[in-house]
Amino acid sequence: MPGQKVFIFDTTLRDGEQVPGCKLNTTEKIEIALALEALGVDIIEAGFPISSPGDFQSVNEIGKVIKNAVVCGLSRAVQKDIEVAAEALQSAKRRRIHTGIGTSDFHIKSKFNSTREEILERAAQAVKWARNFTDDVEFYAEDAGRTDNEYLARVVEAVIAAGATTVNIPDTTGYCLPHQYGEKIAFLVNNVPNIDKAVLSCHCHNDLGLATANSIAGVISGARQIECTINGLGERAGNTSLEEVVMVIKQHASTLGFYTDINSKQLNPLSRLVSDTMRMPVQPNKAIVGANAFSHSSGIHQDGFLKDAQTYEIINPEEVGADGSKIVLTARSGRSALAHRFQKLGFQFNRNDVDVLYEQFLKVADRKKEVGDEDLQELATQYQGKAIVA
Ligand code: KIV
Ligand code: ZN
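This structure is a prediction, so every number in the text was calculated from the model and none was measured. (Residues numbered from 1 in each chain as written. Chains lettered and ligands numbered in written order. Predicted model: local features only at pLDDT ≥ 70, side-chain atom pairs only at ≥ 80, totals over all residues. Heavy atoms only, no water.)

Caption draft 1: Layout of helix α7 (residues 149-161). In a regular helix each residue adds 1.5 Å, so 13 residues correspond to 18 Å; α7 covers 18 Å between its end C-alpha atoms and thus fits that length. Along α7, the residues classified as buried are Y151, L152, A153, V155, V156, A158, V159 and I160. Tucked into the core, α7 has its buried residues touching α5 (105-111), α6 (116-131), β6 (137-142), β7 (166-171) and α8 (178-191). Looking at the residues trailing α7, positive phi occurs at G163, about 120°. (Helix = DSSP H or I, 4+ residues; strand = E, 2+ residues; numbered from the N terminus. Expected span 1.5 Å × (residues − 1). Buried < 20%, exposed > 50% of the residue type's maximum accessible area, 1.4 Å probe, protein only. Contact = heavy atoms within 4.5 Å.)

Structure (structure tokens):
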């Protein structure tokens, strides 16, 4: 395996499930957690145990069935939250408590009516409480994306000294540009004296559509964990999409020098499971898992694709468990795609036949969004009938 490993921390069942309408019951959560483990994620954030009895139960039950992945529970930097998270995780073979507090001035002043010094102390204290229950403690500096870097470095140093083994740098509001987020991670790598004692984690939201780019910028600058969700589900515009970061890392393995333990063939099946269970459709043009991710509809693209798939596809659909490439016949399609489809349907037409049939095809295509095989069967049969009569 080339290069360095990037840990995949999946938060579909926590940040993803916060989306209105995506609420899951314990049975559904267990099914998804088992599928996430089969996919190869390193950490499953199973829920926020203090938030409701149902979430407590889900985290608890997931902890009982997961064998290899670390099971993680979220908490605020509040003693009771941490105790409840620890209790929910008690049966997990490998457990992580994820605790934290807002560190931007927006959070410190507006949310907590507090000061930087007080928040720094609360952060370190929360990590110490969590360390009473497990050696695997992750700290999140909420709104780190808009937190002053000098202050953030002091917080990160303090929580590592208190025992945090992973430090999460969330761009909670999806505000950062990729170079800014990358520079933030690089600043921490270069300015926190004890940074070698913890893994830095990227947790990016997608408010400006930059979550994937920001996460990749983060690992290029030294982070070694990405927090993400299946189908990019999550608060507002969503979280970093798991399938996107995994495939960026895979496609650019030789340039970036990273790998993950994800079995990419499971990406499409798991995307469908999550979409069906959460009743949240995937947009057709979604990278990797959208219905159109491997569809070709314009004549120029179809012609190139039929000559060599690599002209218009950078990923083999099989590699991500998709059904396969599709040639969609529309009014923008060309003769070569039409001839190819007739051939697949068992009709042997020469160039002149296809020229005539193409005119008929365009008339149908102008009426319909997509021309299906049954339309083509009809066109071919009519054409053959006329040819025989003539
Ligand atoms: O976006 C965020 O800051 C979070 C934290 C709770 C980790 O989800
Ligand atoms: Zn989040």
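Now that the structure is up, let's keep going.
Caption draft 2: Here's a closer look at the pattern of salt bridges. The tally for this structure, following the rule as stated, stands at 28 salt bridges. Among the ionic pairs, R96 bridges to E138, the shortest N-O distance being 2.7 Å. Of this pair, R96 sits in strand β5 (residues 95-102) while E138 sits in strand β6, and the two are 42 residues apart along the sequence. Members of the salt-bridge network, linked through shared partners, are E17, K23, K29 and D55. (Salt bridge = Lys/Arg side-chain N within 4 Å of Asp/Glu carboxyl O.)

Caption draft 3: Expanded view of unusual backbone geometry. Positive phi outside glycine occurs at R236, with the angle close to 50°. With respect to the secondary-structure elements, R236 resides in the loop between β9 (225-228) and α10 (242-251). By relative accessible area, R236 is classed as exposed at 52%. Even without being glycine, I288 reaches a positive phi, approximately 70°. Looking at the element boundaries, I288 is found in the loop between α12 (267-278) and β11 (295-296). Residue classification places I288 among the buried positions, given a relative accessible area of 10%.

Caption draft 4: Representation of the nonpolar core in the model. Among the nonpolar cores identified, the biggest contains 86 residues, and L36, L39, F139, V156, V167, I169 and L242 are the most heavily contacted of them. Among the domains, domain 1 (4-278) and domain 2 (295-384) are the pair contributing at least three residues each to this core. With near-sequence residues (within four places) excluded, L39 lies in contact with I230, L242, D261, I262, N263, Q266, L267 and L270. Formed by 19 residues, the second largest nonpolar core is a distinct cluster that contains F305, F349, V371 and L376. (Core = buried A, V, L, I, M, F, W, Y, C linked by side-chain atoms within 4.5 Å. Domains from an automatic or database assignment.)

Caption draft 5: Spotlight on the coordination of the zinc ion (ligand 2). Of the protein atoms, only D15 (OD), H203 (NE2) and H205 (NE2) coordinate the zinc ion (ligand 2), at distances of 2.1 Å. Between the donor residues of the zinc ion (ligand 2), the gaps in sequence give the motif D-x187-H-x1-H. For the pair H203 and H205, one class covers both residues: buried. (Donors = N, O, S within 2.8 Å, 3.2 Å for Na, K, Ca; no water.)

Caption draft 6: Structural detail: the environment of G3. Positionally, G3 belongs in the segment before β1 (4-5). Sequence separation of G3 and Y259 is 256 residues, and the distance between their C-alpha atoms is 6.6 Å. With near-sequence residues (within four places) excluded, G3 lies in contact with G257 and Y259.

Caption draft 7: Broad picture of the sheet that holds β5. The parallel closed barrel is built from eight strands, whose spatial order is β2-β3-β4-β5-β6-β7-β8-β9. Taken pair by pair, the neighbouring strands of this sheet meet at an average axis angle of 25°, ignoring direction. Sheet topology note: the β5/β6 ladder contains six bridges and is parallel. Within the sheet, the bridge partner assigned to T99 lies in β6 and is F139. Set on the sheet, helix α2 (residues 26-39) makes contact with β2 (7-10) and β3 (43-47); between it and β3 the angle comes to about 170°. Against the sheet, α10 touches β2 and β9, its axis set at about 150° to β9. (Pairing = 2+ DSSP bridges. Axes fitted to C-alpha atoms, helices over the stretch in contact; angles between N-to-C directions.)

Caption draft 8: Main features of the packing of aromatic side chains. Summed over all chains, the structure comprises five aromatic pairs. Note on F342 and F347: the rings are 6.1 Å apart at their centroids and 90° apart in plane angle, and the pair reads as edge-to-face. The same class applies to F342 as to F347, namely buried. With a centroid separation of 5.7 Å and an interplanar angle of 5°, the aromatic rings of F347 and F349 are classed as stacked. The class for F347 is buried, based on a relative accessible area of 12%. Ring pairs connect the aromatic residues F342, F347, F349 and Y383, which therefore count as one cluster. Over the ring of F112 we find R122, and its NZ or CZ is 5.4 Å from the ring centre. Positioned above the aromatic ring of F106, the side-chain terminus of R146 is 4.1 Å from the ring centre. (Phe/Tyr/Trp six-rings, centres within 6.5 Å; stacked < 30°, edge-to-face > 60°. Lys NZ or Arg CZ within 6 Å of the ring centre and 35° of its normal.)

Caption draft 9: Seen up close, the domain arrangement of the protein. Taken domain by domain, the protein holds domain 1 (4-278) and domain 2 (295-384). Between domain 1 and domain 2, the C-alpha centre-to-centre distance is 44 Å. With nine residues of domain 1 at the contact, the number on the domain 2 side is eight residues. Counting the surface lost from both domain 1 and domain 2, the interface buries some 660 Å², and carbon and sulfur atoms represent 45% of this. (Buried area = accessible area lost by both parts, 1.4 Å probe.)

Caption draft 10: Highlighting the pairing of β6. By the criterion of burial, β6 is predominantly enclosed, with five of the six residues buried. Relative to β7, β6 runs parallel, the two being bridged by three bridges. When the sheet's bridge partners are listed, E138 is paired in β7 with T166. Each parallel crossover has a hand, and for β6 linked through α7 to β7 it is right-handed. (Right-handed = clockwise from strand over helix to strand, strands pointing away.)

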